[in-house]
Amino acid sequence: MSQTITPPPAQSSGSVTSSGLSGGDRALDLSTPGLLSGEFVQETAALTKRLFIQLQRRPTTLVAGVIQPLMWLILFGALFQNVPEGLFGTSQNYGQFLGAGVIVFTAFGGALNAGLPVMFDREFGFLNRLLVAPLASRFSIVLASSIFIAALSMVQTAVIVAASAALGAGLPGVVGLILVAAIVLTLVLGVTGVSLGLAFALPGHVELIAVIFVTNLPLLFASTALAPLAFMPTWLQWVASLNPLSYAIEPIRFVYTHALWSLGDVVLTAPFADVTLGMALLVLVGFDAIALLGVRALLQRTLA
Amino acid sequence: MVAAVRIEALQKRYGQVEAVKDVSLTIESGEVFGLLGPNGAGKTTTLRCLCTLATPDAGLIEVSGVSVVKHPKVARQCLGYVAQEVALDKVLTGRELLELQAALYHIPAKQMGDRIQNLITMLDMSDWIDQRSGTYSGGMRRRLDLATGLLHQPDVLVLDEPTVGLDIESRVVVWDFIRKLRTQGTTVLITSHYLEEIDALADRVAIIDKGMVIASGSPSELKDKVGGDRITLRLREFTPHDEAQAAQSLLQSLDCVQDVIINEVQGNSLNLVVKSQSDALMRVQTALKQAGLPTFGIAQSRPSLDDVYLAATGTTLTDAEMAAASARDSKQYRKENMR
Ligand SMILES: Nc1ncnc2c1ncn2[C@@H]1O[C@H](COP(=O)(O)OP(=O)(O)OP(=O)(O)O)[C@@H](O)[C@H]1O
Ligand SMILES: [Mg+2]
């Protein structure tokens, strides 16, 4: 057997000597250089494929994930059916008002659960398989989950949009629909990151489920998903205006009710400022940046 | 020539537990190296440090001369690790798992199919490889796992207790396979707490106990070092205890006999430690005949690896095993192996 070491193909140096690979090689694990390589694409695609095979053979999560928002729409919509017109701002009816909330809340819930499969992989030792493999970057584990969750949330969103249209909420225009998709994806990216970070930071799935449980509903109620800011006491207005979910909900609601919209339109009248559509989008992107940076630090600690 | 694996003064502790205190070993390329030790000796921890799943507290680990701490990716590329507890994705079929694994090791799509097919043939998995792995038996899982470890044609295959919990038949399949790999020049590092397994497979062995290497060398070197030969003597098929005791004191007085133990579990047979290369067997037989004691069966053998372990630690491996097994539970084990 030959005794020369073949370095991983991504590295260009011909042979490995301690000087040739000195320094930051370890940091490579999570840093960007590997991210565009064919190897990174290959491993990410394979990990994503695994998640889709799982989904195909165990479709229950998806079925439940579609049925749940439909029930929200129908039951909640019925609950407030006879509310006088005009009470919910520019929305023609509560169903239309609620649609945006259900879209965002559904995507949020799905993304929040993204860490669970990873946690189970950790607990069953499957993750060790990935960790002993010479991955171009372990970020592929994170990216695969994000792609999967993003795809799921797109399916859910499409179903909700179609169902609310059928229930009389109308449809935004094509650009509006694209904006809805973009907002959902942005939110999902950040929340998935947080959930995956938790999956690596918490000791086990019991703790993760507990955290998901205590974040999920409170964040829903402390947002503008079910009722407009005007209905809330001042303190809750503050909370809702600091809740990232509101910054996803209000723009979607706005494009539902306004055939003509622009980035400069005010979508949320927070106690501290008027928030325009453009600003809301910036807030979401900022939320992603903060979430991913925090998670990156966490992942680097556990996965490096 | 650079050693395939070199571990020097490795230390790793988990909180209060010193899992590995001082382990040094060198594995030459092309050999089967056995790591033998009772439960909790630190075998798995050593392998986890080698395979970059755990970071050593101190010491040096090199794979083909490259530090695994400084260049984990090189180590990961060179090593094929088959962990002690098989973690399969129940929903995937064996083939899908192999395909996933191939992608994680960046095997080009063109070669992937052939390599997977070769392993399926070699390990005789074709009948069930397209079934979901949730339905596999222990032996099937093990074979699939061996395949995942070999897929990227690693320089060194690292097997953590590959036959634990398997029935004899599956165990023999695994043994034969390791022998075949050896003839093909693959370096293999294998842990076990089965003496016979290491004795049968390993070119060289390190015995570890409580995180320290207590003996290392080829099995026959180690046995020579313990010295003496063993004689197993049965006076009758089931010997009465007093007769066994009489024979014990008689044989103890022979100067070629170093020690005599009555093995009550084996029908009061006698286990003798005698000077090797002497005519001990004959002299024992003569002495028995002169004293009018019968001989049902008598056999001389070289010391076993268990005797090596006994000489170094004062307990037999089997006893150490029992003590350790009762001190550990499997839930704890799961936790330990979590990342
Ligand atoms: N992650 C961990 N956290 C805490 N203790 C650990 C951890 N890993 C191992 N240990 C402890 O270190 C010691 C050595 O464990 P190790 O798993 O290396 O033994 P082993 O020789 O592989 O045993 P076995 O034959 O049972 O597999 C044990 O006392 C174990 O409890
Ligand atoms: Mg072990």
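Below or above, wherever it landed, is the structure these notes cover. (Residues numbered from 1 in each chain as written. Chains lettered and ligands numbered in written order. Predicted model: local features only at pLDDT ≥ 70, side-chain atom pairs only at ≥ 80, totals over all residues. Heavy atoms only, no water.)

1. Digging into the site of ligand 1
Residue and element names in this part refer to chain B.
Okay, step 1: Around ligand 1, the surrounding shell holds 16 residues, and the nearest of these are Asn39, Gly40, Lys43, Thr44 and Thr45.
Okay, step 2: Gly42 places a main-chain nitrogen or oxygen 2.9 Å from an oxygen atom of ligand 1.
Okay, step 3: The separation between an oxygen atom of ligand 1 and a polar side-chain atom of Thr44 is 2.6 Å.
Okay, step 4: If ligand 1 stood free it would expose 630 Å²; the protein chains cover 84% of that surface.
Okay, step 5: Broken down by secondary-structure element, the contributors of at least two residues to the shell around ligand 1 are strand S2 (17-27) and helix H1 (43-50). (Near = heavy atom within 4 Å. Polar contact = N/O pair within 3.5 Å; in protein donor to acceptor, adjacent residues only side chain to side chain. Areas by Shrake-Rupley, 256 points an atom, 1.4 Å probe, with all protein chains shown as cover. Helix = DSSP H or I, 4+ residues; strand = E, 2+ residues; numbered from the N terminus.)

2. Description of the nonpolar core
Okay, step 1: Membership of the largest hydrophobic core comes to 147 residues, with the highest contact counts inside it found for Ile252(A), Leu50(B), Leu98(B) and Val158(B).
Okay, step 2: Ranked by residue count, the leading element in this core is helix H3 (residues 94-112) of chain A, at 12 residues.
Okay, step 3: Filtering out sequence-adjacent residues up to four positions away, Ile252(A) remains in contact with Ala100(A), Ile103(A), Val104(A), Val180(A), Ile183(A) and Val184(A).
Okay, step 4: Membership of the second largest hydrophobic core comes to 19 residues, among which are Leu233(B), Ala247(B), Ala287(B) and Leu288(B). (Core = buried A, V, L, I, M, F, W, Y, C linked by side-chain atoms within 4.5 Å. Buried < 20%, exposed > 50% of the residue type's maximum accessible area, 1.4 Å probe, protein only. Contact = heavy atoms within 4.5 Å.)

3. Let's talk about the packing of helix H9 (residues 241-252) of chain B against helix H10 (residues 280-290) of chain B
Residues and elements named next belong to chain B.
Okay, step 1: Running from amino to carboxyl end, H9 crosses H10 at an angle of 125 degrees, the nearest separation of the two axes being 10 Å. Here H9 lies oblique to H10, going by the angle between them. Between H9 and H10 the crossing geometry is right-handed. Within the contact between the two elements, H9 uses Ala247, Leu250 and Leu251 and H10 uses Val284, Ala287 and Leu288.
Okay, step 2: Residues of the contact of H9 with H10, tallied by class, amount to 6 nonpolar, no polar and no charged. (Axes fitted to C-alpha atoms, helices over the stretch in contact; angles between N-to-C directions. Parallel < 35°, antiparallel > 145°, perpendicular 65-115°, else oblique. Left-handed = near helix turned anticlockwise from the far one by under 90°. Nonpolar A, V, L, I, M, F, W, Y, C, P; charged D, E, K, R; others polar.)

4. Looking at the coordination of the magnesium ion (ligand 2)
All names here are of chain B.
Okay, step 1: Around the magnesium ion (ligand 2), the protein contributes the donor atoms Thr44 (OG1) and Gln84 (OE1), at 1.8 to 2.2 Å from the metal centre. Of this pair, Thr44 sits in helix H1 while Gln84 sits in the loop between strand S6 (79-82) and helix H3 (94-104), placing them 40 residues apart in sequence.
Okay, step 2: According to the relative accessible area criterion, Thr44 is buried, its value standing at 15%.
Okay, step 3: Residue class for Gln84 comes out buried when judged on its relative accessible area of 18%. (Donors = N, O, S within 2.8 Å, 3.2 Å for Na, K, Ca; no water.)

5. Side note on the sheet that holds strand S14 (residues 297-301) of chain B
Residue and element names in this part refer to chain B.
Okay, step 1: Spatially, S12-S13-S11-S14 is the arrangement adopted by the 4 strands of the open sheet, whose pairing is antiparallel. Taken across any chain shown, the strands that pair with only one partner, and hence form the sheet edges, are strand S12 (257-263) and S14. Taking the axes of each pair of neighbouring strands and ignoring which way they run, one obtains an average angle of 15 degrees across the sheet.
Okay, step 2: Bridge analysis of strand S11 (residues 229-234) against S14 gives 5 bridges, and the strand direction is antiparallel. Counted as the bridge partner of Ile231 is Gln300 from S14. (Pairing = 2+ DSSP bridges.)

6. Remarks on the packing of aromatic side chains
Okay, step 1: Considering all chains together, one arrives at 6 aromatic pairs over all chains under this definition.
Okay, step 2: Both rings, one in Phe52(A) and one in Phe148(A), keep their centres 5.1 Å apart while their planes meet at 75 degrees; by these two values the pair is edge-to-face. Taken together, the residues Phe52(A) in helix H1 (residues 38-57) and Phe148(A) in helix H6 (residues 139-166) connect sequence positions 96 residues apart.
Okay, step 3: Ring centres 5.4 Å apart and planes at 50 degrees place the aromatic pair Trp238(A) and Phe272(A) in the tilted group. Highlighted residues: Trp238(A) in helix H9 (residues 234-242) and Phe272(A) in the loop between strand S1 (266-269) and strand S2 (274-276), separated in sequence by 34 residues.
Okay, step 4: Given the relative accessible area of 39%, Trp238(A) is considered partly exposed.
Okay, step 5: Judged by relative accessible area, which is 39%, Phe272(A) ranks as partly exposed.
Okay, step 6: The residue whose ring lies beneath Arg50(A) is Phe126(A), and the NZ or CZ to ring-centre distance is 4.0 Å.
Okay, step 7: Positioned above the aromatic ring of Tyr194(B), the side-chain terminus of Arg171(B) is 4.2 Å from the ring centre. (Phe/Tyr/Trp six-rings, centres within 6.5 Å; stacked < 30°, edge-to-face > 60°. Lys NZ or Arg CZ within 6 Å of the ring centre and 35° of its normal.)

7. A closer look at a nonpolar patch on the surface
All names here are of chain A.
Okay, step 1: Nonpolar side chains collect at one region of the surface, where Val63, Ile67, Met71, Ile74, Leu75 and Leu167 lie side by side and expose about 580 Å² of accessible area between them.
Okay, step 2: With respect to the helices and strands, Ile67 occurs in helix H2 (residues 60-79).
Okay, step 3: Residue classification places Ile67 among the partly exposed positions, given a relative accessible area of 42%. (Patch = residues over 30% accessible without salt bridge, like charges linked within 9 Å, V, L, I, M, F, W, Y side chains within 5 Å. Salt bridge = Lys/Arg side-chain N within 4 Å of Asp/Glu carboxyl O.)

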